[in-house]
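# Notes for the structure review
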Amino acid sequence: GAAQLLAGRRILVTSGPTHEPIDPVRFIANRSSGKQGHAIAAAARAAGAEVVLVSGPAEAADPAGVRVIHVESARDMLAAVEENLPVDAAVFAAAVADWRVADASEQKIKKDGGGAPTLTLVENPDILASVSRHHTLRPRLVVGFAAETEQVVAHARDKRLRKGCDWIVANDVSPATGIMGGDSNTVHLVTAAGVEDWPSATKAEVARHLVARIAAELSGTHP
Ligand code: C5P
C-alpha cells in the first residue's frame, strides 16, 4: 500500500455540489461531480489518515474506509464541518452554491397561471473563509480550491488572501479543458511561497500528489 505518510493525522475534506432548495422538488446547484474531492479523501485514507468527508449530493461513490457525512445545503455543510473540527488539515474541494433562496417554499410552487415566481437570493456562508478565520479551531493547514475560466493564477492568489487559507489549488475549468466531470486535471498550487504548475494528471494522481505535499507540510519536511 501507500506509505503511511499521514498516519495519526485527522483530515477533513469537503466535496461535491450543494443543493439549495427552492421548494420540496426544486433546487439551485453548482456543476460538480465530486471526483476530485472524493479522490483526495481516498488518497488521504490510503496514506493512513483518519478522514472525514463532508459531501453534497455527488456522483462519485463514497470512498472505502472514510467517514462520509452526506449533506444537501451549504448551511448543512458548514454545520457538519464545524462539528468535525479539530483536524490537522482541511481541504475544501466542494463547489458550494454562493446563494440560496431566501424563503424556500414548504409546498411545491404551482404553475397556476399567475406568472413566473420571483426568487429572492441571499448569500450562503463561506465555509472555507470561516474555517480559515476560526479563532480556536483553525486547522494547521487549510487548503481551498479555485475553479476559474480565465486568469487562473491571478484569481487564485487573490482568493488565497481573501479567504485566509494557506494554499489554493487552482484549475482552469473553461469548457474546452474537459476538466469538469472528467478524469484528469491540470492544477497550479498557490502558496505563500509562490506558484507551482503541476503537470496534467488524473484526478487520483493530483490527489496523491496533494496528500504527499500535505504530509510534508504537517511534518515540517517540505524544503
Ligand atoms: O469563492 P469561490 O467559491 O470561488 O471559492 C472556492 C473555494 O471556496 C473552494 O475551496 C470552495 O470549496 C470554498 N467555498 C466554501 N464555501 C462557500 C463558497 C466557496 O467553502 N460558500
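Shown above is the structure to which this text applies.
It should be emphasised that the depicted structure is a prediction, and the values quoted were computed from it without experimental measurement.

Attention now moves to the overall build of the chain. Helix and strand counts for the chain come out as 5 helices and 14 strands. In terms of overall dimensions, the chain has a C-alpha envelope of 65 × 35 × 35 Å along the principal axes. For the chain, the residues scored as buried account for 47% of the 223 residues in total. In the chain, the proportion of contacts linking residues at least 24 apart, taken out of those at least 6 apart, comes to 62%. Averaged over its 23 positive side-chain charges, the chain has a centre that lies 2 Å from the centre of its 26 negative ones.

This part covers the pairing of strand β1 (residues 10-15). Here β1 lies mainly inside the structure; 5 of its 6 residues are buried. Pairing of β1 with strand β4 (residues 50-55) involves 6 bridges; the strand directions are parallel. Looking across to β4, one finds that Arg10 is bridged to Glu50. With 4 bridges joining them, β1 and strand β6 (residues 89-92) adopt parallel strand pairing. Following the sheet pairing, Ile11 is matched in β6 by Ala89.

In the region of the ligand, the neighbouring residues are Phe92, Ala94, Val96, Pro125, Asp126, Ile127, Leu128, Gly144, Phe145, Lys159 and Lys163. A distance of 2.6 Å separates an oxygen atom of the ligand from a polar backbone atom of Phe92. Lys159 places a polar side-chain atom, nitrogen or oxygen, 2.4 Å from an oxygen atom of the ligand. Surface burial for the ligand is 85%, taken as the share of its 450 Å² of free accessible area covered by protein chains. The site holding the ligand turns out to be the largest pocket. The set of elements that each furnish at least two residues to the shell around the ligand consists of α3 (127-132), β9 (141-148) and α4 (152-163).

The next thing to look at is the layout of surface pockets. Taking a probe equal in size to a water molecule and rolling it over the atoms shows the remaining empty space. Considered as a void within the structure, the largest pocket measures approximately 990 Å³ in volume. The wall of the largest pocket is formed by 39 residues, among which Asn30, Ala94, Ala95, Val96 and Ala147 lie closest to the centre. For the lining of the largest pocket, the secondary structure elements donating two or more residues are β1, α1 (35-46), α3, β9 and α4. Class assignment for the residues of the lining of the largest pocket results in 17 nonpolar, 13 polar and 9 charged.

Rules behind the numbers
Residues numbered from 1 in each chain as written. Predicted model: local features only at pLDDT ≥ 70, side-chain atom pairs only at ≥ 80, totals over all residues. Heavy atoms only, no water. Helix = DSSP H or I, 4+ residues; strand = E, 2+ residues; numbered from the N terminus. Buried < 20%, exposed > 50% of the residue type's maximum accessible area, 1.4 Å probe, protein only. Contact = heavy atoms within 4.5 Å. Lys, Arg positive; Asp, Glu negative; His and termini not counted. Charge placed at Lys NZ, Arg CZ, Asp CG, Glu CD. Pairing = 2+ DSSP bridges. Near = heavy atom within 4 Å. Polar contact = N/O pair within 3.5 Å; in protein donor to acceptor, adjacent residues only side chain to side chain. Areas by Shrake-Rupley, 256 points an atom, 1.4 Å probe, with all protein chains shown as cover. 1 Å grid on protein atoms, 1.4 Å probe; cavity = no way out; pocket = protein on both sides within 12 Å on 5 of 7 lines; lining within 4 Å. Sits in = over half its atoms within 2 Å of the grid points. Points joined across faces, edges and corners; volume = space filled by probe spheres on them. Nonpolar A, V, L, I, M, F, W, Y, C, P; charged D, E, K, R; others polar.

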